[in-house]
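# Observations on the three-dimensional arrangement
The residues making up each chain are set out below.
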Amino acid sequence: MTAPDDVTIERLDGDGTRAAVPALVEILRDSVANGASVGFMDWNTPADFEGFWRGIAAEVAAGRILLFVAHDGSGIVGTAQLHPVGKPNQPHRAEIAKVLVHSRARRRGIGEALMRAAEAAALALGRDLLVLDTDEAGAARRLYNRLGWTELGTIPRYALMPDGRDCGSTFFYKQLG
């Protein structure tokens, strides 16, 4: 599945990320409201989400995170992050984080397009080993399996769902190139 013709994937710089904060806040709010275990709880506020994205903008501006967004006719509808590992003994590795698609835009290939953009950017940086984790019961798990990621296993009770229930996290890796 590829992204629809009306969707474009863009890598944002620090200024672009700061400008996109309102849309990114809405995507994160929507994800949490729809039960995604992405580091936030039901009781988190828009100010919490904004603080998170402002922190990401600073990391993007500093070159420590690459941020990708998906645009359609309504604006930004998805996002994904690539975190190149900064340790001297891991110059070949990066982590994928916060692959989020707004509920109004799901099941259109946007998550896959974001993942492919992040994978291509990783390879361009010489990062040929990627890792990620996801909610053990979420739809993203199926996406990563379909995209050729290797499932390592699930750690029970690794995190919480937004409503406070336990959530296992399933870990994946992918060797690129």
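Residues numbered from 1 in each chain as written. Predicted model: local features only at pLDDT ≥ 70, side-chain atom pairs only at ≥ 80, totals over all residues. Heavy atoms only, no water.

Glancing now at the sheet that holds strand β6 (residues 150-160). Within a sheet, adjacent strands bond to each other through the backbone by hydrogen bonds, running parallel or antiparallel. As summarised here, the arrangement of the seven strands in space is β1-β2-β3-β4-β5-β7-β6, forming an open sheet in which the pairing is mixed. Edge positions in the open sheet fall to β1 (8-12) and β6, since each of these has one partner strand only. In this sheet, neighbouring strand axes are inclined to one another by 25° on average, regardless of whether the strands run parallel or antiparallel. As defined by bridge partners, strand β3 (residues 75-84) adjoins strand β4 (residues 93-101) across six bridges and the pair is classed as antiparallel. When the sheet's bridge partners are listed, Q81 is paired in β4 with A97. Most of the contacts of helix α1 (residues 14-33) go to β3, to which it runs at about 105°, and overall it touches β1, β2 (66-72), β3 and β4. (Pairing = 2+ DSSP bridges. Helix = DSSP H or I, 4+ residues; strand = E, 2+ residues; numbered from the N terminus. Axes fitted to C-alpha atoms, helices over the stretch in contact; angles between N-to-C directions. Contact = heavy atoms within 4.5 Å.)

Next up on the list: the pattern of salt bridges. Taken as a whole, this structure holds 14 salt bridges when the rule is applied. In this structure, E112 and R146 form a salt bridge, with 3.2 Å as the shortest nitrogen-oxygen distance. One end of the pair, E112, is in helix α3 (residues 110-124); the other, R146, is in helix α4 (residues 139-146), and 34 residues separate them in sequence. By relative accessible area, E112 is classed as buried at 6%. Here D166 ties to R157 by a salt bridge, and the two come within 3.0 Å at their closest N and O atoms. With relative accessibility at 62%, the residue R157 sits in the exposed group. Within this structure, D6, D72 and R108 form a network of salt bridges that share partners. (Salt bridge = Lys/Arg side-chain N within 4 Å of Asp/Glu carboxyl O. Buried < 20%, exposed > 50% of the residue type's maximum accessible area, 1.4 Å probe, protein only.)

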